[in-house]
Structure formats: structure tokens, C-alpha cells
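Commentary on secondary and tertiary structure
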Amino acid sequence: MSNSTTYDIDKYLKQNVHVLPQNNQLRALHTIIRNRQVSREDFVFYSSRIIRLLIEAGLNLLPFEPLEVETPVGNTYNGLQFASKLCGVPIIRAGESMESELRAVCPAIRIGKILIQRDKVTKLPHYYYSNLPEDIHERHILMLEPMLATGGSAKVAIQLLLDKGVQEDKIIFVNFITVPEGIHAVCSKYPKIKIVTSSIEEELNENAFMIPGIGDFGDRYFGTVN
Ligand SMILES: Nc1nc2c(ncn2[C@@H]2O[C@H](COP(=O)(O)OP(=O)(O)OP(=O)(O)O)[C@@H](O)[C@H]2O)c(=O)[nH]1
């Protein structure tokens with residue numbers, strides 16, 4: 001694939017991409033789930049902990065309004081109020097692994113779905129189905145997709161949202177792992193989008209797998225491979 005090409009993503013790292021702090025805690029969580037021997041139960045448990053961190057980091061990128069409250073000791077706390085009018089949009093199927101963590105913190109959040117799959121022969125992403133709230137054009141979108149490799153499927157999903165009237169700067173792409181090629185593919189086409197990720201991998205190999213990588217996130221999460 002792209003091993004010979006280097007992608008200069010410094011600009012996107014400043015403007016578009018929020019990478020979770022690469023501290024020991026996060027690296028230990030990643031070490032458990034990247035181990036090919038890990039049980040499915042542990043894969044789901046520990047990847048869900050990382051997904052929760054990603055969701056909180058994504059919510060932090062939304063706008064906030066000032067809000068004062070009176071504390072129990074009669075003082076004023078100069079705080080902030082959460083943004084409203086959100087919509088979570090998992091890209092079926094792997095993105096659905098992130099939905100429950102989003103619902104756990106925003107229980108009433110609207111959820112739309114987009115199904116895009118890679119054609120086995122052409123390797124190109126193919127759009128099959130979507131079901132989105134009618135007023136999606138008024139909402140902030142948390143687009144959920146754990147893998148951003150070549151960026152092909154992500155670009156189809158983002159374009160669909162834009163065609164529905166969503167503002168590009170209101171899309172937050174919550175992603176588990178990516179590579180410079182994927183960041184470049186998405187951010188060069190959609191410069192106002194924001195991406196939250198827990199890891200930027202070294203590169204894509206000739207089969208478009210991220211290296212060192214995690215394998216197929218959806219298969220490991222949903223248990224469709226042993
Ligand atoms: N923005 C944000 N909202 C949060 C968070 N945690 C809980 N919420 C709640 O989730 C709501 C998010 O907005 P939506 O679910 O889109 O609700 P809404 O715009 O009031 O109502 P609908 O139009 O019915 O979707 C906020 O009103 C908060 O009460 C958070 O971390 N960030």
C-alpha cells in the first residue's frame with residue numbers, strides 16, 4: 001500500500017486531531033488488547049475502558065456555555081453547561097462497539113446509523129444504508145468508527161452527513177486507532193473535521209492493515225473470529 005509514502009500530518013495534529021495522552025495507563029490498556037492471546041472478554045472490557053476515555057475527550061470538543069450555580073455553602077461556582085443537540089452516528093458494524101459507552105454518559109442521545117462495507121473484489125467502500133434523525137442538519141455529530149486506515153469508508157460516511165446538511169465543523173470523528181495516511185486522507189478533504197483517537201500507528205502494510213495494529217476490531221469485539 002503506502003509504506004513508501006510518508007505523510008506530513010503536523011498541520012492536522014495541530015488543527016484537527018486530538019490524541020489521548022499517551023501515558024502509562026493508556027499504554028497498559030493497549031498492551032492488553034493488542035495481545036493476540038487476549039480473551040474476547042478481556043478485549044471487550046479493556047477496549048471499552050479506552051472507548052470511554054475517547055467519548056469523554058470527544059464531548060470535550062463540543063461548545064460550552066457559561067453557567068453559574070450556587071454551591072451548598074452559598075457561594076457561586078462559575079461553571080459551564082454542556083452543549084445540546086447531539087447525535088451519535090456509529091458506522092456499522094465496528095462503530096457499534098462504541099455506542100454503549102456513548103449512551104452510558106448521554107443516555108437520551110439520538111443515534112443514527114450508517115452501513116458502509118468494503119467490496120471484497122474492488123476493495124472500494126460501498127454505501128448500503130443509513131437511518132438518521134430528520135433534524136440531523138441541526139446537530140453536533142459524534143461519528144463512531146474504531147478503525148481509520150485508508151480513510152475510504154470514513155470519507156463516504158462524512159460526505160453522506162454533509163449531503164444531509166450537517167456542518168463539517170460539527171462532526172467529531174471518534175476513532176480508536178489510525179495511521180498518518182488515514183488522517184491525511186480525511187483531513188485534507190474535510191479540513192474542518194475533528195478526530196479523537198487513542199493511537200496513531202506507524203503505517204499501513206500491503207494488505208491495508210495498520211502496523212503494529214490491533215487486527216480487525218469489529219471481529220475481535222463481536223467475537224466473529226476465534
Ligand atoms: N454535551 C454533553 N452533554 C452531556 C454530557 N453528559 C451528559 N449530557 C447530556 O446529554 C445532552 C446532550 O444533548 P442531546 O441528547 O442531544 O439532548 P437535547 O438536545 O437536549 O435533546 P434532543 O433534541 O431530544 O436530542 C445534554 O443536554 C446533557 O444533559 C456531556 O459530557 N456532554
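To be clear, the structure that these remarks concern was listed above.
Now for a description of the structure that goes with this document. (Residues numbered from 1 in each chain as written. Predicted model: local features only at pLDDT ≥ 70, side-chain atom pairs only at ≥ 80, totals over all residues. Heavy atoms only, no water.)

Here we come to the packing of helix α5 (residues 152-163) against helix α6 (residues 180-189). At a minimum axis distance of 10 Å, the contact between α5 and α6 shows a crossing angle of 25°. Our classification of the angle between α5 and α6 gives roughly parallel. Judged by the twist between their axes, the crossing of α5 over α6 is right-handed. Facing α5, whose interface residues are Ala-154, Lys-155, Ile-158 and Gln-159, α6 presents Ala-185, Val-186 and Lys-189. Grouping the constituent residues of the contact of α5 with α6 by class yields four nonpolar, one polar and two charged. (Axes fitted to C-alpha atoms, helices over the stretch in contact; angles between N-to-C directions. Helix = DSSP H or I, 4+ residues; strand = E, 2+ residues; numbered from the N terminus. Parallel < 35°, antiparallel > 145°, perpendicular 65-115°, else oblique. Left-handed = near helix turned anticlockwise from the far one by under 90°. Contact = heavy atoms within 4.5 Å. Nonpolar A, V, L, I, M, F, W, Y, C, P; charged D, E, K, R; others polar.)

Next up on the list: α6. Burial within α6 is extensive, with seven of its 10 residues counted as buried. Of the positions making up α6, those classed as buried are Pro-180, Glu-181, Gly-182, Ile-183, Ala-185, Val-186 and Cys-187. (Buried < 20%, exposed > 50% of the residue type's maximum accessible area, 1.4 Å probe, protein only.)

Right, let's get into a nonpolar patch on the surface. Where nonpolar side chains cluster on the molecular surface, the patch consists of Leu-67, Val-69 and Tyr-77 and spans about 280 Å² of accessible area. Relative to the helices and strands, Val-69 resides in strand β2 (residues 65-70). Judged by relative accessible area, which is 41%, Val-69 ranks as partly exposed. (Patch = residues over 30% accessible without salt bridge, like charges linked within 9 Å, V, L, I, M, F, W, Y side chains within 5 Å. Areas by Shrake-Rupley, 256 points an atom, 1.4 Å probe, with all protein chains shown as cover. Salt bridge = Lys/Arg side-chain N within 4 Å of Asp/Glu carboxyl O.)

Applying the stated rule across the entire model yields six aromatic pairs. For the ring pair Phe-176 and Phe-217, a centre distance of 4.9 Å and an interplane angle of 45° mean the geometry is tilted. With Phe-176 in the loop between β10 (171-174) and β11 (177-178) and Phe-217 in helix α7 (residues 217-222), this residue pair connects regions lying 41 residues apart in the sequence. Across the pair, exposure class does not vary: Phe-176 and Phe-217 are buried alike. A centroid spacing of 6.1 Å and a plane angle of 15° characterise the contact between Phe-217 and Tyr-221, whose relative ring orientation is stacked. Here the residue Phe-217 and the residue Tyr-221 both occupy positions in helix α7, the gap between them amounting to four residues, near one helical turn. By relative accessible area, Tyr-221 is classed as buried at 11%. Feature note: the residues Phe-43, Phe-176, Phe-217, Tyr-221 and Phe-222 constitute an aromatic cluster, connected by ring pairs. (Phe/Tyr/Trp six-rings, centres within 6.5 Å; stacked < 30°, edge-to-face > 60°.)

Read these as layout, nothing more, since geometry by itself doesn't imply function.
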